[in-house]
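# Fold and geometry: a report
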Amino acid sequence: MAALRGKEFLSLRPSMAWRLLALLPFILVAGLGYAFFQVVVDRHFFKFVQYGYPFLTIVYPSILLCTGAVILFLGYWNPLGQRLRLAAWGVIVLGFCCIGVRIYSTHIEPYRLEVVEQTIVSPKIHTPLKVVHLTDVQSAQVSEYEERVFRIIRELHPDLILNTGDNLQPVAPATLRGEQPKLDRLFRSVQPPLGIVAVEGNVCDGEIYAHDPGFGGQRVLADEAVLLSHGRSRLHILGLSVERSVHPDSAIDQWMAAVPPEDFTVVMGHVPDYMLETCLYPIDLCLAGHTHGGQIVVPGFGPLITFSALPRHLVGGFHPFGETYINVSKGVGAEHCLGIPSIRFFCRPDITVFHLIPQGGAEIVEEPQKPQITLPDPVSPHLE
């Protein structure tokens, strides 16, 4: 009799199992609703990521696994129909898939650095140049990954590095004061002949450069321009402040009016929104970061969120855009606001290597010349 009662206690009727499965969508909605409520209360988008990501990839999958396992276990004493058994296994598989997405998105893809190479052939280039576009290192804690990134850059032997900002975003127990010297050392380990020209990002860079104006041996431009000479090639580079990388105002007009038309022109700013205006000018190359390529990309749709006014298909990579060419790098790191972990899905981190080649492909150099830097650009003074 006791054995029979135990069997009845452990048995699960199919109707009860279906009701249990029917609760799962409501639990999902409730969890996401709570995350959205945090956004409304604090008016901070990353609150949704802070609460929603662990719910979707840890809490909810655990509920799915437990629900499926309980149904199959209790169904041992009361045989289930084929549909119910398949539903239980489906719930278990879905739970493992959610956990797998977290493992891949947080522990694998954010560290699969891609080196993207682009070639630009221009009559304005007379001596070939190799330029590395680096952005959004945005390290939560300088580690072996950042060491590897800068080792790769050293092995590329660039002539010039252009850094479009966001160097650090420490997550406790790491601190800005503790991580800054580590990243400073890495930047100084890759000093190319023409140096590193940078603009500030909107995460921690203001504090970094205020504390150490020479951070990483970089030349930081804030609404000012610089002329670089390499052999017979001359590059005019305009670096925008964070504010003007969103709304450039008259900065582009002033600069373009002063630049000789035979010189190669580059505009760099952290936020790519300024490209909506520079696309109207015959600028040779515009660089930005900030978007991280969206970090989460849905195949066939694109990034879910871009934090940019640029069209969705332009927020990552190299594209012709109007009268110019733009490169919005996906960046090296990831967003860590509110301590969220690195998250990337179908959006690998990258650095871009530009090979600037003379038209015809041949190097035109009258005699070997040491690369020179002229600071500031005498024809493009500080833009007020």
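Described in the following lines is the structure provided in the data block. Just so you know, these numbers come straight off a predicted model, no measurement behind them. (Residues numbered from 1 in each chain as written. Predicted model: local features only at pLDDT ≥ 70, side-chain atom pairs only at ≥ 80, totals over all residues. Heavy atoms only, no water.)

### Quick notes on the pattern of salt bridges
How we decide: What counts as a salt bridge is simple: a side-chain nitrogen of Lys or Arg found within 4 Å of a carboxyl oxygen of Asp or Glu. A run of H or I in DSSP becomes a helix once it reaches four residues, and a run of E becomes a strand once it reaches two; helices and strands are each numbered from the N terminus. Only protein chains enter the accessibility calculation, which uses a 1.4 Å probe. A residue is then buried if its area is under 20% of the maximum for its type, exposed if over 50%, and partly exposed in between.
Across all of its chains, the model carries 10 salt bridges by this definition. Among the salt bridges present, the one from D284 reaches K124, with a minimum N-O distance of 3.1 Å. Linking D284 in the loop between α10 (275–278) and β9 (285–288) with K124 in the loop between β1 (114–122) and β2 (129–134), this pair joins segments that are 160 residues apart in sequence. A single burial state applies to D284 and to K124, both of which are buried. Between D263 and R234 there is a salt bridge; the shortest N-O distance is 3.0 Å. Taken together, the residues D263 in the loop between α9 (251–258) and β8 (264–268) and R234 in strand β7 (residues 233–239) connect sequence positions 29 residues apart. Taken together, the shared-partner salt bridges connect D223, R244 and D249 into one network.

### Observations regarding the pairing of strand β3 (residues 160–163)
We count it as follows: We treat two strands as partners when DSSP finds at least two bridges between them. When the strands point away from the viewer, a crossover counts as right-handed if the route from the first strand across the helix to the second turns clockwise.
On β3, burial covers both faces: L160 and L162 on one face and I161 and N163 on the other are all buried. Note: β2 against β3, four bridges, orientation parallel. Considered in β3, the bridge of H133 is made with L162. The parallel pair β2 and β3, bridged by helix α5 (residues 144–156), forms a crossover whose chirality is right-handed. Across three bridges, β3 lies against strand β4 (residues 196–198) in parallel orientation. Looking at β4, one finds that I161 is bridged to I196. For the crossover from β3 across helix α6 (residues 176–188) to β4, the handedness is right-handed.

### Quick look at the state of the cysteines
Filter applied, for reference: Any pair of cysteine sulfurs within 2.5 Å is marked as a disulfide.
A full pass over the atoms with the stated rule returns zero disulfides. The closest cysteine sulfur to the non-disulfide-bonded C98 is located on C97, 7.0 Å from its own sulfur. Among the residues examined, C98 registers a relative accessible area of 18% and is labelled buried. Cysteine C337 shares no disulfide, and the gap to the nearest cysteine sulfur, in C204, comes to 10.0 Å.

### Remarks on a nonpolar patch on the surface
Let me state the cut-off plainly: Note on patches: the residues involved have over 30% relative accessible area and no salt bridge, like charges join within 9 Å, and the nonpolar side chains Val, Leu, Ile, Met, Phe, Trp and Tyr join within 5 Å. The accessible surface values rely on the Shrake-Rupley method and a 1.4 Å probe; as for residues, cover is taken only from the protein chains in view.
Among the surface-exposed residues, F45, I296, V298, F301, L304, I305 and F307 lie close enough to one another that they form a single nonpolar patch of about 580 Å² accessible area. The residue I296 is located in the loop between β9 and β10 (297–298) in this model. Given a relative accessible area of 31%, I296 falls into the partly exposed group.

### Details of unusual backbone geometry
The step from A172 to P173 runs through a cis peptide bond, and the omega angle for that step is 10°. Secondary-structure assignment places P173 in the loop between β3 and α6. For D136, which is not glycine, the phi dihedral falls at a positive 50°. By the element assignment, D136 lies in the loop between β2 and α5. Although it is not a glycine, Q138 sits at a positive phi angle of roughly 40°. When you line up the elements, Q138 lands in the loop between β2 and α5.

It is worth stressing that arrangement in space is one thing and function is another; only the former is reported here.
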